[in-house]
Amino acid sequence: MSLAFPAAIQNYEALSSLMGLMREAAASGQWDQLVALEKQCQERVQIMRQVDAQSALAESVRERKKTLILKILADDASIRQNTQPWMEKLQWALRNTRQEKKVRQAYTPSR
């Protein structure tokens, strides 16, 4: 089954746009926005799995798809680079909170 160029690539274009927005949100520390966009990306990928399984693409369309996938991967790497320090801080805070709780439990008299 062969789809026209715009129909076959529309989902990749949409995903690429969402990933660009996620990259911008991550770079500016807008974590709530990043999470909301990530959910939209997951929904888009679910749609794409169904469409991709049914489509045979012409060479020019496959090249455009490849270009979009490479951009999506580059944006994903940038998002990870921006979120990694935040995730490390969050993990550190959670570890310290757990340790503090254990210390309190160890040194608080039982009733």
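As shown above, the structure is provided for reference.
Residues numbered from 1 in each chain as written. Predicted model: local features only at pLDDT ≥ 70, side-chain atom pairs only at ≥ 80, totals over all residues. Heavy atoms only, no water.

Caption draft 1: Main features of the overall build of the chain. Check the secondary structure of the chain and you find three helices and zero strands. Starting at the N terminus, the α and β elements of the chain follow one another as α-α-α. Over its C-alpha atoms the chain spans a radius of gyration of 21 Å, topping by over 25% the 13 Å that the globule rule assigns to 111 residues. Relative to its 111 residues, the chain shows a buried fraction of 23%. (Helix = DSSP H or I, 4+ residues; strand = E, 2+ residues; numbered from the N terminus. Rg over C-alpha atoms; globule rule 2.2 N^0.38 Å. Buried < 20%, exposed > 50% of the residue type's maximum accessible area, 1.4 Å probe, protein only.)

Caption draft 2: Fine view of the environment of Arg62. Relative to the helices and strands, Arg62 is located in helix 3 (residues 59-107). Taking the C-alpha atoms as reference, Arg62 lies 8.9 Å from Ile9; in sequence the two are 53 residues apart. In this structure the side chain of Arg62 is engaged in a polar contact, spanning 2.5 Å, whose partner is the side chain of Glu59. (Polar contact = N/O pair within 3.5 Å; in protein donor to acceptor, adjacent residues only side chain to side chain.)

Caption draft 3: Fine view of the pattern of salt bridges. The final tally for this structure, using the stated rule, is five salt bridges. In this structure, Asp75 and Arg23 form a salt bridge, with 2.8 Å as the shortest nitrogen-oxygen distance. Separated by 52 residues along the polypeptide, Asp75 in helix 3 and Arg23 in helix 1 (residues 5-27) bring together distant segments of the chain. (Salt bridge = Lys/Arg side-chain N within 4 Å of Asp/Glu carboxyl O.)

Caption draft 4: Expanded view of the environment of Leu37. Here Leu37 lies in helix 2 (residues 31-53). The class for Leu37 is buried, based on a relative accessible area of 4%. C-alpha of Leu37 to C-alpha of Lys102: the two residues are 65 residues apart in sequence and 37 Å apart in space. Among residues more than four places away in sequence, those in contact with Leu37 are Leu18, Leu21, Met22 and Ala25. (Contact = heavy atoms within 4.5 Å.)

Caption draft 5: View of the nonpolar core. If you look at the biggest cluster of nonpolar residues, it comprises 17 residues, and the most contacted ones within it are Leu15, Met19, Met22, Leu34, Cys41 and Ile79. Among the elements that make up this core, the one with the highest residue count is helix 1 (eight residues). (Core = buried A, V, L, I, M, F, W, Y, C linked by side-chain atoms within 4.5 Å.)

Caption draft 6: Structural detail: the layout of surface pockets. Approximately 410 Å³ is the volume found for the largest pocket. Lining the largest pocket are 17 residues; nearest its centre among them are Met22, Leu34, Glu38, Ile79 and Thr83. Of all the elements in the fold, those that place two or more residues in the lining of the largest pocket are helix 1, helix 2 and helix 3. Looking at the lining of the largest pocket residue by residue, the class counts come to 11 nonpolar, three polar and three charged. (1 Å grid on protein atoms, 1.4 Å probe; cavity = no way out; pocket = protein on both sides within 12 Å on 5 of 7 lines; lining within 4 Å. Points joined across faces, edges and corners; volume = space filled by probe spheres on them. Nonpolar A, V, L, I, M, F, W, Y, C, P; charged D, E, K, R; others polar.)

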